[in-house]
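An overview of the molecular structure
Listed below are the residues making up each chain.
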Amino acid sequence: MTLTEQGKREQGKERRRRRILDAAAQLVESDGLHALTMRRLSETAGVSYATVYNLVGSKEDVLVALLRAGLEDLGAQLTAVASRDPLDRARALVAGVVDHFVTRPALYRALVQAVHDPAAGTRGVPIRRRTIALYEASIRDAMDQRLLRDDLDPHVLGLHVTLAVNGVIRRWAAGEMHAAGFRAEADYALRVSLLGVATPSTRTKLLAEARACERTLSRPDHRAA
């Protein structure tokens, strides 16, 4: 097989994989998780039953792949954003994650709950690794630019921010808050996480932003969906 033929074959696989994920999203969004059977998925995507397993995997793998694909697209967009302030990239990542989920609540609430179910095991780990890396890069650059002190390990701090924001995502997925509350909680998690290593000028700005989040969160209409 020539390199050209091999390239076309891989492109064909990726198109079929994308079709499978699009079909899975359609089924979950319109009829719920119970509608996503492997047979229905293969019929909706127009591929064989075996192709679904070969290109994506089991039902649990399909759910994780749906979440991961969206966050990878978001990560690529943020990587391409030119900003002299690395903390703006961290803010943009939180905003992008929230926007990504709230645009399709029926789909993503179901996906988040399914992926965080104990039955999903460690399949969701690659999603966390991607977001940890994005936060870590922003934090490391902020330390280099003296916007944050280097008292703490940027990787561990990036992990902490990821886990904090993920906790908010799970609460939103469980129906505990509206979109505005979701955004304020996620923004608050980032600001509070960074306050411990903030320089004086950065601390003033982060505190102002955190207090704005608190004003939103104090409104009862943002506490439950």
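Up top is the structure.
Taking 1.5 Å of rise per residue, 20 residues should cover 28 Å, and helix α8 (residues 154-173) covers 28 Å from first to last C-alpha, within 8% of that figure. Those residues of α8 that fall on the buried side of the exposure criterion are Pro154, Leu157, Gly158, Val161, Thr162, Val165, Asn166, Val168, Ile169, Trp172 and Ala173. Residue aspartate 153 occupies the N-cap position of α8, its side-chain oxygen lying 2.8 Å from the main-chain nitrogen of histidine 155. At the exit of α8 stands glycine 175, carrying a positive phi of roughly 85 degrees.

A grouping of Arg9, Arg15, Arg16 and Arg19 is seen on the molecular surface, where their side chains present a positively charged patch. Among the structural elements, arginine 16 can be located in helix α1 (residues 3-31). Accessibility expressed as a relative area gives 31% for arginine 16, which makes it partly exposed.

All right, on to unusual backbone geometry then. Despite not being glycine, arginine 146 has its phi angle at roughly 65 degrees, a positive value. Position of arginine 146 relative to the elements: it lies in the loop between α7 (125-144) and α8. Arginine 146 gets classed as exposed once you look at its relative accessible area, which sits at 63%.

Here we take up the packing of aromatic side chains. Going through the model one piece at a time under the given rule, you end up with 4 aromatic pairs. Ring centres of phenylalanine 101 and tyrosine 108 lie 5.3 Å apart, and the angle between their planes is 85 degrees; on these two criteria the pair is classed as edge-to-face. A relative accessible area of 3% means that phenylalanine 101 is categorised as buried. What makes tyrosine 108 buried here is its relative accessible area of 7%. In this structure an aromatic cluster arises from ring pairing among Phe101, Tyr108, Trp172 and Phe182. The side chain of arginine 39 reaches across the aromatic face of tyrosine 49, ending 4.8 Å from its centre.

Using the criterion set out here, one finds 14 salt bridges in the structure. For arginine 171, the salt bridge goes to glutamate 176, with nearest N and O atoms at 3.0 Å. One network of salt bridges, in which partners are shared, links Asp88, Arg91, Asp187, Arg191 and Glu209.

To continue, consider the side chain of threonine 162. Of note, threonine 162 is situated in helix α8. On the accessibility criterion, threonine 162 (1% relative accessible area) is buried. A distance of 2.8 Å separates a polar atom in the side chain of threonine 162 from the backbone oxygen of glycine 158. In contact with threonine 162, not counting residues within four places along its chain, are Arg128, Thr131, Ile132 and Tyr135.

Glancing now at the environment of leucine 157. Along the chain, the position of leucine 157 falls in helix α8. The sequence separation of leucine 157 and valine 197 amounts to 40 residues, and the corresponding C-alpha distance is 9.7 Å. Residues within four places of leucine 157 in sequence aside, it is in contact with Ile139, Ser193, Leu194 and Val197.

Here we take up the packing of helix α5 (residues 86-102) against helix α9 (residues 179-195). The interhelical angle for the contact between α5 and α9, taken along N-to-C directions, is 155 degrees, at an axis separation of 10 Å. Classified by the angle their axes make, α5 and α9 are roughly antiparallel. The way α5 lies across α9 gives a crossing that is right-handed. Note on element contacts: α9 touches α5 through Ala179, Phe182, Arg183, Ala186, Asp187, Leu190, Arg191 and Leu194, opposite Leu87, Ala90, Arg91, Val94, Ala95, Val98, Asp99, Phe101 and Val102. Across the contact of α5 with α9, the residue classes break down as 12 nonpolar, no polar and 5 charged.

Rules used in this analysis
- Positions within a chain are numbered from 1, following the residues in the order the chain's sequence is written.
- For a predicted model such as this one, the threshold for reporting local features is a pLDDT of at least 70, and the threshold for listing and counting side-chain atom pairs is 80 or more; totals across whole chains, interfaces and linings nevertheless cover every residue.
- The basis for the side-chain values is all heavy atoms of the structure; hydrogens and waters are excluded.
- In this description a helix means any DSSP run of H or I spanning at least four residues, a strand means any run of E spanning at least two, and both kinds are numbered starting from the N terminus.
- A helix is expected to span 1.5 Å for every residue after the first.
- Throughout this description, buried means an accessible area under 20% of the type-specific maximum (1.4 Å probe, protein chains only), exposed means over 50%, and partly exposed covers the range between.
- In protein, a polar contact requires one atom able to donate a hydrogen and another able to accept it; more generally it is a pair of N or O atoms within 3.5 Å, and residues adjacent in sequence count only if both atoms are side-chain atoms.
- Residues qualify for a patch when their relative accessible area is over 30% and they have no salt bridge, like charges being joined within 9 Å and the nonpolar side chains of Val, Leu, Ile, Met, Phe, Trp and Tyr within 5 Å.
- Accessible areas in this description were obtained via Shrake-Rupley with a 1.4 Å probe; residue shielding takes into account the shown protein chains only.
- The term salt bridge refers to a pairing of a side-chain nitrogen on Lys or Arg with a carboxyl oxygen on Asp or Glu at a separation within 4 Å.
- Charge assignment: positive for Lys and Arg, negative for Asp and Glu; neither His nor the chain ends contribute.
- Charge positions come from single atoms, namely NZ of Lys, CZ of Arg, CG of Asp or CD of Glu.
- Each Phe, Tyr or Trp ring, with Trp reduced to its six-membered ring, pairs with another whose centre is within 6.5 Å; inter-plane angles below 30 degrees give stacked pairs, above 60 give edge-to-face pairs, and intermediate values give tilted ones.
- Only when the NZ of Lys or the CZ of Arg is both within 6 Å of the ring centre and within 35 degrees of the ring normal is a charge said to sit over the ring.
- In this analysis, two residues are considered to be in contact whenever any of their non-hydrogen atoms come within 4.5 Å of each other.
- Every axis in this analysis is a line fitted to C-alpha atoms, fitted for helices over the stretch in contact. Angles between the N-to-C directions lie between 0 and 180 degrees.
- Throughout, the term roughly parallel applies to angles under 35 degrees, roughly antiparallel to angles over 145, roughly perpendicular to angles from 65 to 115, and oblique to all others.
- Each helix crossing is assigned a hand: it is left-handed if the near helix lies turned anticlockwise from the far helix by less than a right angle, otherwise right-handed if that turn is clockwise.
- Charged means Asp, Glu, Lys or Arg here, nonpolar means Ala, Val, Leu, Ile, Met, Phe, Trp, Tyr, Cys or Pro, and polar covers whatever is left, Gly included.

That's the geometry; what it means functionally is another story.
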